[in-house]
Amino acid sequence: MVSFDDVRIALADRFRVVTAALSADGREVLLTGPVDVGVDVGGFAVVELDDGRRLAVQVRSVRIVEREGADVDVTVDEPGLPVRSVRGRAMVRTLAGSATVLGVFGDGRFVATPETEPFPERHVRPATEAETATIAAALAGTLDVGTMLHAPAVPARLHPAGFARHTFMCGQSGSGKTYTTGAVLERLLVATTLPIVVLDPNSDHVQLGRLRDPGDDSPAARRHREAATGVRVVRARGADSDHLLCLDLSDLPLVAQALLLRLDPVHDLDEYSALRRVTASLAVPYSVADVRSAAAADPATARLATRIDNLGIAAWELWRRGDERSAAELDMTAGRCFVIDLGSLNSPGERAAVALGLLGRLWMLRRRRLPMLLVVDEAHNILPSATADPLSSSTADLGVLIAGEGRKFGLHLFVATQRPGKVHPNVVSQCDNLLLMRMNGSTDIEELAHLFSHVPPAMLHRATTFGLGQALFAGPIAPTPPAGPRRDTGQSGRRRGRPDGLGASCSRYRRSHIPTRGARIVLVSSP
């Protein structure tokens, strides 16, 4: 008796599809073959050319195509059945996809090039691990962030100069986003001279300057220990820190003070005018208590004092006391790395006030044109897409201004969040780099496809299958035109407005709550 599997195998052999690649322009490559050809989205493949050269390509999309084949006769050898043969039409299933040219193997070496001469159908196969390593070595940068997702033994390295473009990082809770953010910061700290300021709403990066194992004396640990001397943690009163996170009211511009007091210059004409008069009469620095006392002393401004009492902002732990030094006096452009621990503050209002004050100060100093990486972790808390809070709204507006105009002054954003729709769209739309970790929502993937049109949708959809620590890097930071990494950062000389020279080393700062595991696009696995 002829079984179904026998018939299926016979049909597959009879209508077997040739594994082939072809290109009409020498840049975009079409792929076709059986469904078990072995190529995968983001992976590398090799096209065998006539002259003995091998063309390296990166697979950007793969799909299964089903079509009708020819009519076939199948003999039925089943005793007792009146039928001796069956005629039917075979269904042929093949793989179809697209790829981009990465370079050419020839004369014992690999030459990176985005294009070659057009070619007709030629045999294509998955790249070997040795070929993948050669391709990655030729295209990669110096910032070691992990291993290639399709070749776990091959290091994945980013281009540090790519951080001169704004970067958007997105990953759902549990994807390893916090760990990977810390890894990138760690590598940047060790291998570059780029100044870094981190707005840290959840206190996730306050250990950036500390080794997980204080006794580790490996070369990587020594490099990190040396770089860590430049890390300064700024935290609220009562927490161990290098600098106290406190402010005077006078550290905020008048507009921010008015927002803090929920004053509108049109709807609250008298009280806004009172605030202007009272603050103009006080010597700098002045506190909320100073403004309240001065306002209460004059019947014409007494309503302002009542407003301060009703809002309760004078009781905030944020305000400077006695001989304490205001955090506004810190020169964020002079240090190597400042971690601003917003999570150490008690209330959302205090955190919003600090974020607004810091962004405003950096923008005020922009004409110094000193390069800086401004990291906004959990950015939906600082640069929200929608909010009823006037302080947060003003902070988001300032973030939009920095996203749109900051690069020319050396201000480079690294924005991390859980979902793209939670961050102001005019911030995300200005980002050229994408760091994408696991995402479950198809709506979020579609939104990212709209915002980052240079990344093939098939690659973005890979994020729904990522495990812990796996990610897609795309844009100027990525080594190849799209696919994945592991965690690290780099080194260099400093250029105006442009970070350079990121190197490699493992993540070593203390993260007891995170398990340690192991355009351009790369798919990566974290260690």
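Refer to the structure printed above.
Residues numbered from 1 in each chain as written. Predicted model: local features only at pLDDT ≥ 70, side-chain atom pairs only at ≥ 80, totals over all residues. Heavy atoms only, no water.

### Some points on the overall build of the chain
Piece 1. The number of helices and strands found in the chain is 13 helices and 20 strands.
Piece 2. Surface summary for the chain: the accessible area is close to 22,800 Å², and the carbon and sulfur share equals 50%. (Helix = DSSP H or I, 4+ residues; strand = E, 2+ residues; numbered from the N terminus. Areas by Shrake-Rupley, 256 points an atom, 1.4 Å probe, with all protein chains shown as cover.)

### What about the pattern of salt bridges?
Piece 1. Summed over all chains, the structure comprises 29 salt bridges.
Piece 2. For Arg210, the salt bridge goes to Asp240, with nearest N and O atoms at 3.0 Å. Remark: Asp240 occurs in the loop between strand S13 (231-235) and strand S14 (243-244) and Arg210 occurs in the loop between strand S12 (196-200) and helix H4 (219-227); sequence separation between them is 30 residues.
Piece 3. Residue Arg210 is classed as partly exposed on the basis of its relative accessible area of 37%.
Piece 4. Of the charged contacts in the structure, one is a salt bridge between Glu405 and Lys408, with a shortest N-O distance of 2.7 Å.
Piece 5. Under the relative-accessibility criterion, Glu405 is labelled partly exposed at 34%.
Piece 6. Each of Glu48, Arg54, Arg125 and Glu131 takes part in salt bridges that share partners, so that together they form one network. (Salt bridge = Lys/Arg side-chain N within 4 Å of Asp/Glu carboxyl O. Buried < 20%, exposed > 50% of the residue type's maximum accessible area, 1.4 Å probe, protein only.)

### A few points about the packing of helix H6 (residues 269-281) against helix H7 (residues 288-296)
Piece 1. With their axes 10 Å apart at the nearest point, H6 and H7 run at an angle of 110° to one another. Accordingly, the angle class assigned to the pair H6 and H7 is roughly perpendicular. Of H7, the residues touching H6 (which contributes Leu275, Val278 and Thr279) are Val291, Ala294 and Ala295.
Piece 2. Looking at the contact of H6 with H7 residue by residue, the classes come out as 5 nonpolar, 1 polar and no charged. (Axes fitted to C-alpha atoms, helices over the stretch in contact; angles between N-to-C directions. Parallel < 35°, antiparallel > 145°, perpendicular 65-115°, else oblique. Contact = heavy atoms within 4.5 Å. Nonpolar A, V, L, I, M, F, W, Y, C, P; charged D, E, K, R; others polar.)

### Details of the layout of surface pockets
Piece 1. Volume-wise, the second largest pocket comes out at about 310 Å³.
Piece 2. Top contributing element to the lining of the second largest pocket by residue count: helix H9 (residues 348-364), with 6 residues.
Piece 3. By residue class, the composition of the lining of the second largest pocket is 13 nonpolar, 2 polar and 2 charged. (1 Å grid on protein atoms, 1.4 Å probe; cavity = no way out; pocket = protein on both sides within 12 Å on 5 of 7 lines; lining within 4 Å. Points joined across faces, edges and corners; volume = space filled by probe spheres on them.)

### Let's talk about the environment of Pro265
Piece 1. By secondary structure assignment, the location of Pro265 is in the loop between helix H5 (254-260) and H6.
Piece 2. Exposure remark for Pro265: the relative accessible area of 44% places this residue in the partly exposed category.
Piece 3. Counting along the chain gives 10 residues from Pro265 to Val255, while the straight-line C-alpha distance between them is 9.2 Å.

### Here we look at the pairing of strand S18 (residues 433-436)
Piece 1. With burial as the criterion, each face of S18 is covered, one bearing Asn433 and Leu435 and the other bearing Leu434 and Leu436.
Piece 2. Both strand S11 (residues 167-170) and S18 contribute to a ladder of 4 bridges, which runs parallel. Paired with Met169 across the bridge in S18 is Leu435.
Piece 3. Alignment of S18 against strand S19 (residues 470-474), held across 3 bridges, turns out to be antiparallel. Residue pairing in the sheet places Leu436 in a bridge with Leu472 of S19. (Pairing = 2+ DSSP bridges.)

### Let's talk about the nonpolar core
Piece 1. In this structure, Phe168 and Ile340 are the most contacted members of the largest nonpolar core, which totals 83 residues.
Piece 2. A per-element tally of this core places H9 first, with 9 residues.
Piece 3. Apart from residues no more than four positions distant in its own chain, Phe168 is found in contact with Val415, Thr417, Pro420, Val423, Val428, Cys431, Asn433, Leu434, Leu435, Leu448 and Phe452.
Piece 4. If you look at the next biggest cluster of nonpolar residues, it comprises 46 residues, including Phe110, Leu139, Met169 and Ala478. (Core = buried A, V, L, I, M, F, W, Y, C linked by side-chain atoms within 4.5 Å.)

### Focus: helix H12 (residues 442-451)
Piece 1. Considered for burial, the residues of H12 that qualify are Asp444, Ile445, Leu448 and Ala449. One side of H12 carries all its buried residues, which in axial view fall inside an arc of 140°. In H12, those exposed residues whose orientation departs by more than 90 degrees from the buried face are Thr443 and His450.
Piece 2. As for H12, its buried residues are in contact with S11, S18 and helix H13 (457-461). (Arc of directions from axis to C-beta.)

### Some details on the packing of H9 against helix H10 (residues 390-405)
Piece 1. As a packed pair, H9 and H10 sit with axes 9 Å apart at the nearest point and diverge in direction by 30°. By the criterion of interaxial angle, the relationship of H9 to H10 is roughly parallel. The way H9 lies across H10 gives a crossing that is left-handed. Packed against H9, whose contacting residues are Gly349, Ala352, Ala353, Ala355, Leu356, Leu359, Gly360 and Trp363, the element H10 presents Leu391, Ser392, Ser394, Thr395, Leu398, Leu401, Ile402 and Glu405 at the interface.
Piece 2. Classifying every residue of the contact of H9 with H10 gives 10 nonpolar, 5 polar and 1 charged. (Left-handed = near helix turned anticlockwise from the far one by under 90°.)

### Concerning the environment of Ala56
Piece 1. Mapping Ala56 onto the fold places it in strand S4 (residues 54-75).
Piece 2. Taking the C-alpha atoms as reference points, Ala56 and Thr113, separated by 57 residues in sequence, lie 9.5 Å from one another.
Piece 3. Ala56 has contacts with Ala45, Thr100, Val101, Leu102, Gly103, Phe105, Phe110 and Ile135, leaving out every residue within four places of it along the chain.

### Overview of the side chain of Arg235
Piece 1. Summarising the element assignment, Arg235 is placed in strand S13.
Piece 2. Residue Arg235 is classed as buried on the basis of its relative accessible area, which comes to 19%.
Piece 3. Apart from residues no more than four positions distant in its own chain, Arg235 is found in contact with Val206, Asp240, Ser241, His243, Leu244, Leu245, Asp341 and Ser344.

### Some points on the packing of aromatic side chains
Piece 1. Applying the stated criterion across every chain yields a total of 5 aromatic pairs.
Piece 2. Where Phe105 meets Phe110, the ring centres are 4.8 Å apart and the plane angle is 50°; that geometry is what we call tilted. Both residues of the pair, Phe105 and Phe110, belong to the buried class.
Piece 3. Aromatic pair Trp363 and Phe409: ring centres 5.7 Å apart, planes at 90°, arrangement edge-to-face. (Phe/Tyr/Trp six-rings, centres within 6.5 Å; stacked < 30°, edge-to-face > 60°.)

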